[in-house]
Amino acid sequence: MPVDFTAIDFETANNSRASACSVGLVKVRDGRVVDKAWWYIRPPFGHDWFSEWNTRIHGIDESHIVDALLWSDQLDDLIAFAEDDVFVAHNAGFDMGVITGACEASGLPAPDYAYLCSLQVARKTYHLDSYKLPVAAMAAGFEDFRHHDALADAEACAAIIVHAAKRHDAEDLDGLSAATGARIRRIGAGAMDDRPAVLVG
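Residues numbered from 1 in each chain as written. Predicted model: local features only at pLDDT ≥ 70, side-chain atom pairs only at ≥ 80, totals over all residues. Heavy atoms only, no water.

**Some remarks on the overall build of the protein**
For the record, the criterion: In DSSP terms, a helix is any run of H or I states spanning at least four residues, a strand is any run of E spanning at least two, and both are numbered starting from the N terminus. Computation of the radius of gyration draws on C-alpha atoms alone. For the globule rule, the value is 2.2 Å times the number of residues to the power 0.38. Each residue is placed in one exposure class: buried if its accessible area under a 1.4 Å probe, protein chains only, is under 20% of its type's maximum, exposed if it is over 50%, and partly exposed if it falls in between. The contact rule is simple, with two residues in contact once any of their heavy atoms fall within 4.5 Å. Note on areas: Shrake-Rupley, 1.4 Å probe, and residue coverage restricted to the protein chains presented here. We score Asp and Glu as negative and Lys and Arg as positive, and we do not count His or the chain ends. A single reference atom marks each charge: NZ on Lys, CZ on Arg, CG on Asp, CD on Glu.
Summing up its helical and strand segments, the protein has 8 helices and 6 strands in all. Relative to the compact-globule value of 17 Å for 201 residues, the protein shows a C-alpha radius of gyration of 17 Å, a close match. In terms of overall dimensions, the protein has C-alpha extents of about 50 × 45 × 30 Å along its principal axes. Here the protein holds 201 residues, and 49% of them are scored as buried. Taking contacts inside the protein between residues at least 6 apart in sequence as the whole, the part at least 24 apart equals 68%. As displayed, the protein has an accessible area near 10,200 Å², and 50% of this comes from carbon and sulfur atoms. Between the averaged position of the 17 positive side-chain charges in the protein and that of its 31 negative side-chain charges there is a distance of 6 Å.

Given below as structure tokens:
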């Protein structure tokens, strides 16, 4: 099954989308995980404080990022891992918002990437009471992972997409998008192409 993508998940220090404090990345080729990466991130200045609520959720605080590189120093590593892949994330608008927000706060242009939301895919694939990541991942056969660990969440997201592609007999992400109605959208310069056409008459 030639399903290729990079699953991505961020944890944030506070309610600012620019406050990424860790990232997990999972590369999938032909429906199989072939590489993984994870690291802490020091958020851009002004977005680098930790809320008690966020720390309670993911367990990360200032002590974990004291030696981490800034977002601006790590963006190239993220791009090098993802290459030209489509990103996949659960509630992808959040994670793509982290990329654009952290870039904006760092004075950098957001990289140009296509992305697909596994939450939207799950809603058209399973019949569940909830489509939160742990529940949807369980439906895909991926259980007992540490939710709100960025790498574990990226692995769960990848499992959902691979399983859903099999369920829908989709040969690639375009086929999965067509089968579920979950649009492949874009961030960065390509985001302009993602806007619906405006008819003038």
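Okay, back to it.
**As for the pairing of strand β5 (residues 113-117)**
We count it as follows: DSSP bridges decide pairing: two strands pair if at least two such bridges lie between them.
Taken across its 5 residues, β5 has 5 buried, putting it largely inside the fold. In this sheet, β5 lies alongside strand β4 (residues 87-89) in parallel orientation, the contact comprising 3 bridges. Residue Ala 89 lies in a different strand from β5, and its bridge partner there is Cys 117. For β5 and strand β6 (residues 185-187), the ladder comprises 3 bridges, and the chain directions are antiparallel. In the sheet register, Ala 114 faces β6, and the bridge partner there is Arg 186.

**Section: the layout of surface pockets**
Where we set the bar: Definitions used throughout: a 1 Å grid over protein atoms alone; a cavity as a set of points that fits a 1.4 Å probe which cannot get out; a pocket as an open set with protein on both sides within 12 Å along at least five of seven lines; a lining residue as one with an atom within 4 Å of a point. Grid points are joined across faces, edges and corners, and a volume is the space filled by probe spheres set on the points. Residues were grouped as follows: Ala, Val, Leu, Ile, Met, Phe, Trp, Tyr, Cys and Pro as nonpolar; Asp, Glu, Lys and Arg as charged; and all remaining residues, including Gly, as polar.
Of the voids in this model, the largest pocket is the one considered here, and its volume is about 360 Å³. Lining the largest pocket are 18 residues, and of these Asp 9, Phe 10, Glu 11, Phe 94 and His 148 lie nearest its centre. Where the lining of the largest pocket is concerned, the elements lending two or more residues are β1 (5-12), α1 (52-58), α4 (92-105) and α7 (150-167). With 5 residues, β1 is the single largest residue contributor to the lining of the largest pocket. Taken together, the residues of the lining of the largest pocket break down into 7 nonpolar, 7 polar and 4 charged. By volume, the second largest pocket amounts to about 170 Å³. Surrounding the second largest pocket, Val 28, Val 33, Lys 36, Ala 140, Phe 142, Glu 155, Ala 158, Ala 159, Val 162, His 163 and Lys 166 form its lining. Broken down by class, the residue content of the lining of the second largest pocket amounts to 7 nonpolar, 1 polar and 3 charged.

**Regarding the sheet that holds β5**
Strands in a sheet are paired, the pairing made by backbone hydrogen bonds, and the direction either parallel or antiparallel. Under the convention used in this document: Only the stretch in contact is used when a helix axis is fitted, and all axes are lines through C-alpha atoms; the angle between N-to-C directions ranges over 0 to 180 degrees.
With mixed pairing, 6 strands are arranged side by side in an open sheet as β3-β2-β1-β4-β5-β6. Every other strand in the sheet has two partners, leaving β3 (32-40) and β6 as the edge strands with one partner each. On average, each strand axis in the sheet is inclined to that of its neighbour by 30°, with strand direction left out of account. α4 contacts β1, β2 (20-29), β4, β5 and β6 of the sheet and is inclined by roughly 75° relative to β1. The strands that α7 touches are β1, β2, β3, β4 and β5; relative to β2, the one it contacts most, it runs at about 35°.

**Let's talk about helix α8 (residues 173-180)**
Because an α-helix packs 3.6 residues into every turn, residues spaced three or four apart end up facing the same way. Test applied: The arc in question is traced by the directions running from the helix axis to the C-beta atoms.
For α8, every residue scored as buried is listed here: Leu 173, Leu 176, Ser 177 and Thr 180. Down the axis of α8, the sector holding all buried residues measures 100°, keeping them to one side. Exposed and facing more than 90 degrees away from the buried side of α8 are Asp 174 and Ala 178. Looking at the packing, one finds that the buried side of α8 touches β1, β4, β5, α5 (118-123) and α7.

**Thoughts on the environment of Ala 170**
By the element assignment, Ala 170 lies in the loop between α7 and α8. With relative accessibility at 6%, the residue Ala 170 sits in the buried group. Between the C-alpha atom of Ala 170 and that of Pro 2, which follows or precedes it by 168 residues, the distance is 9.0 Å.

Functional significance is not addressed by these values, which are geometric in nature.
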